[in-house]
Structure formats: C-alpha cells, structure tokens
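Structure assessment
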Amino acid sequence: MEKRDSAFWRRFKEDMKTAAPELGIDKIGVASAEPFAELKERLIRQKEKGYDSGFEEPDLDKRTNPALLFPGARSIIAIAVAYPAKLKHPPVSEPGKRRGILSRSAWGEDYHHVLRRRMDNLAEWIRERVPDARLMPMTDTGPLADRAVAERAGLGFGGKNCSIITPEFGSWVYLGEMITDLPLEPDTPVEESCGDCTACLDACPTGALTGPGQINAKRCISYLTQTKEALPDEFMRKIGNRLYGCDTCQVVCPKNKGLDFRHHEEFLPDSETVKPLLNPILFLSNREFKEKFGASAAAWRGRKPIQRNALIALGNFRDAESVPDIRRVLFEDPRPELRYTAAWALWRIGTAEARQALEEALVQESDPMVREALVQWSQKDGNAVGNPQNSLK
C-alpha cells in the first residue's frame, strides 16, 4: 500500500464517518483486527452446553480471527443501518381471517441485499481515496461475529438480550463489517450498559436467555421459526402467531422505547406481507411463495417453515373457522412435518369437527411420527394444558 502518514488516516476516518449518511449508512466505527480471544472462550462454552443453533460458522477460529479470513488484516470497519420498529395501520386479525406476523428484521427488502449495496457504496468511497485498498465486506452470513465487531468498534454495547444496543437507534439496527488492510485507529467501545434491568430475561417466552448476554439458541423462538422439522407442543404454544423471528426481547427493552426509524425506504413494511392472512399461506406453491415473500429476509428457508408456523398460529388462535383448511393439509399435504403440525392445530382447536378429522386421519396415515401424534391427541384435550401466547394480535 502506498505510504501515507498518520494525519492522512485520521482525516480519512473522520471523512468516512462524515460521509456515512450519503452512503446510506447510519453509523460507522472502526475495530482492530486482533483476534477476539474472549469471544472464542465464550463460544467454546456455548458449544459445550449445546446452545448453538447450527446456523453458525462451525470453525471457531474463523469466527474469531480476522487474519484467517483476510491475510494482512489491519482494521475492521463496522456499519449499522437502522430499521423500522412500528407498523402503521396494521390490518386487523379476526375469526376466519387470522393473521401472522413477521419480525421487524424481515420487513421490507431482505437486509442482506440492502447492506451489500451500502457496503459497495462504502467500498467505492474508500477506493476513490485509496485505490490500492484491500477490502472484504460481509453481513451476518459471513464467519465473523457481527455483534462482537460492532461492540469493539464502538457502535453500541452488548445488551443482556444479546443484541447490540446503540445510543442513537437502540437495537433496531442491521450490522455489517468490512475487513481491511487500512491502518485505521480503533474507536473506543461504548461504556453504557443495561444496568440492573432484566426486562428481556423476564419476557423471553421460552427462557432462551439463560443469563445476561447468554442464549440457548435452540430454545430461541427466532431460531425455532426458521427450523423445518416438527416442533414439540411446548414450543408450538410459545410461538403464538409468529411466522418468522421474534422481537420480544427488543420490544420490552427500555432502550428501544419510542424508537422507530423509517428513513430507509427499502425497509418500509407492506402490511399485508408482514402481517399476512394465515389460511392462504397453507396452500402457496413455491412460485406463489416467492412472489409474496421472496423479497423478504423471511424467505431464505423456503415456504415449509412459514407454512408450518401458519398452522401453529391457527392452532394457537383456536380458530374453528379454519378447521376445513387445516383438515385439508392433514389429509393432502405430502410433508409429514406439516401433517403433524396440522394434527396439533386441530387438537388445539378441539371442536367436534376438529376431533372427527383427527380420528378419520388415523385410518389413512402411514407416517409413524404423525400416527403417534394422532393417537395421543385423539385422547386428550388440547385446550386444557398451558395458555396461548399473548403475542396473538
């Protein structure tokens, strides 16, 4: 790299932060590219406890040592882009027309695409000033831990809910980073903290937050809604009407109170997409699913998890008017995970029509998992155990 003095790099960093708004970025910070040794120890303990989701990069060294990804790494530029937290004039959910909800991270255009464009803008800005710069941008699909980078870069502090909480935008931000060979001075981490507040720990529906900044990802509803297999009764009851993701630990956070950022047009939600009618989802073809949800981050796992979650939501609503549609899934859908979930939803609804469907299905069902569920649920009351989640709105 062409030799430049320290004064140049100080001005460069200041100018880069000043340019952030015109690049579509709300906040920029700089972290050193040193290994994240403390994070690695935490990840090892997390893995030993079986708390990983399985979606993460399995190589802990790649997750914590930037030099393994980018030889010659000298600094990491971290970015934050704010997104909306409130739905204006949401459609009403009512009997026979029940609705599910997508988490705010899936509102508008898939943030991965938007952040890549923002980082392309930043890369272009950098190369106009340092043509020989080497850059490696990534979002949360990359190996590095976004939150650890953002915390080191001073974008915000690590909250007890495992989110980065920025002073300006709360935790309603998407994060990205760019490993570079630029000798930029690191920023100072934010000293703010959650204090004595435990609102997120207390509100987590499944107890996935096992302690401040600690999470059992396999119990997290955000993770559960993205899985494709059949879920236990315990978790289906807790999912409520969530179709993708979970915002509970962010919604209850006092640092997020009253915050709603709508200045990025790509993230503005379409109400009928983010709070859609449940029944039509059950019968979407792949093409129809892509037309409706394809632009959203919620589409990355395909239609199966969303359709399964729609069945769960109808069961939790105990929506008797939906029994014919759920029955159709139970009798006609080729996927045993969806037939299993349809049987659970009918069991939860518990009307005479729903119970009759369970008994009739048992005659023709061949899958062992679904048959076992049908036998069990035909013999007890699905409404007598537990309570539906207060997320049903």
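Located above this text is the structure these notes cover.
Overview of the structure. Bear in mind that the values here come from a model prediction, so they are computed numbers and not experimental data.

Next up on the list: the overall build of the chain. Secondary structure assignment for the chain yields 17 helices and ten strands. Here the chain has a C-alpha radius of gyration of 23 Å; the compact-globule value for 393 residues is 21 Å, and the two agree. Seen through its principal axes, the chain has C-alpha atoms that stretch 80 × 40 × 40 Å. Counting all 393 residues of the chain, 53% fall into the buried class. The long-range share in the chain, meaning contacts at least 24 apart out of those at least 6 apart in sequence, stands at 78%. For the chain, the accessible area works out to roughly 17,600 Å², and carbon and sulfur atoms hold 49% of it.

Our next topic: helix H13 (residues 303–317). When the terminal C-alpha atoms of H13 are compared, their 21 Å separation across 15 residues agrees well with the 21 Å that a helix rising 1.5 Å per residue should span. Most of H13 sits out of view: 14 of its 15 residues are buried. The positive-phi residue at the C-terminal boundary of H13 is Arg318, with phi of around 55°.

Turning our eyes to something else, we now look at the packing of helix H15 (residues 336–349) against helix H17 (residues 368–377). Viewed as axis vectors pointing N to C, H15 and H17 meet at an angle of 5°, and their least axial separation amounts to 9 Å. Comparing the axis directions of H15 and H17 gives the class roughly parallel. On the side of H15, the interface is formed by Pro336, Glu337, Arg339, Tyr340, Ala343, Trp344 and Trp347, while H17 contributes Met369, Val370, Ala373, Leu374 and Trp377. Taken together, the residues of the contact of H15 with H17 break down into ten nonpolar, no polar and two charged.

Strand order in the open sheet formed by four strands is S1-S2-S7-S4, and the pairing between neighbours is antiparallel. Of all strands in the sheet, those with a lone pairing partner are strand S1 (27–32) and strand S4 (135–138), marking the two edges. With strand direction ignored, the average angle separating the axes of adjacent strands in the sheet is 20°. Pairing between strand S2 (residues 75–82) and strand S7 (residues 173–180): eight bridges, direction antiparallel. Considered in S7, the bridge of Ile79 is made with Gly176. Of the strands in this sheet, S1 and S2 touch helix H1 (residues 6–19), which is tilted by about 145° from S1. Of the strands in this sheet, S1, S2, S4 and S7 are in contact with helix H5 (residues 111–129), which crosses S7 at around 40°.

Turning to the pattern of salt bridges, a few remarks are in order. Should the charged atoms of two oppositely charged side chains come close, the side chains can pair. The tally for this structure, following the rule as stated, stands at 22 salt bridges. Salt-bridge contacts for Arg237 lead to Asp233; the nearest nitrogen and oxygen are separated by 2.9 Å. Of this pair, Arg237 and Asp233 both sit in helix H9 (residues 233–239), four residues apart, which is roughly one turn of that helix. When its relative accessible area of 23% is taken as the criterion, Asp233 is described as partly exposed.

One can find Thr341 in helix H15. Residue Thr341 is classed as buried on the basis of its relative accessible area of 0%. With sequence-adjacent residues up to four places away left out, Thr341 is seen in contact with Met236, Arg308, Leu311 and Ile312.

How each quantity is defined
Residues numbered from 1 in each chain as written. Predicted model: local features only at pLDDT ≥ 70, side-chain atom pairs only at ≥ 80, totals over all residues. Heavy atoms only, no water. Helix = DSSP H or I, 4+ residues; strand = E, 2+ residues; numbered from the N terminus. Rg over C-alpha atoms; globule rule 2.2 N^0.38 Å. Buried < 20%, exposed > 50% of the residue type's maximum accessible area, 1.4 Å probe, protein only. Contact = heavy atoms within 4.5 Å. Areas by Shrake-Rupley, 256 points an atom, 1.4 Å probe, with all protein chains shown as cover. Expected span 1.5 Å × (residues − 1). Axes fitted to C-alpha atoms, helices over the stretch in contact; angles between N-to-C directions. Parallel < 35°, antiparallel > 145°, perpendicular 65-115°, else oblique. Nonpolar A, V, L, I, M, F, W, Y, C, P; charged D, E, K, R; others polar. Pairing = 2+ DSSP bridges. Salt bridge = Lys/Arg side-chain N within 4 Å of Asp/Glu carboxyl O.

Everything listed here is a matter of geometry and, on its own, says nothing about what the molecule does.
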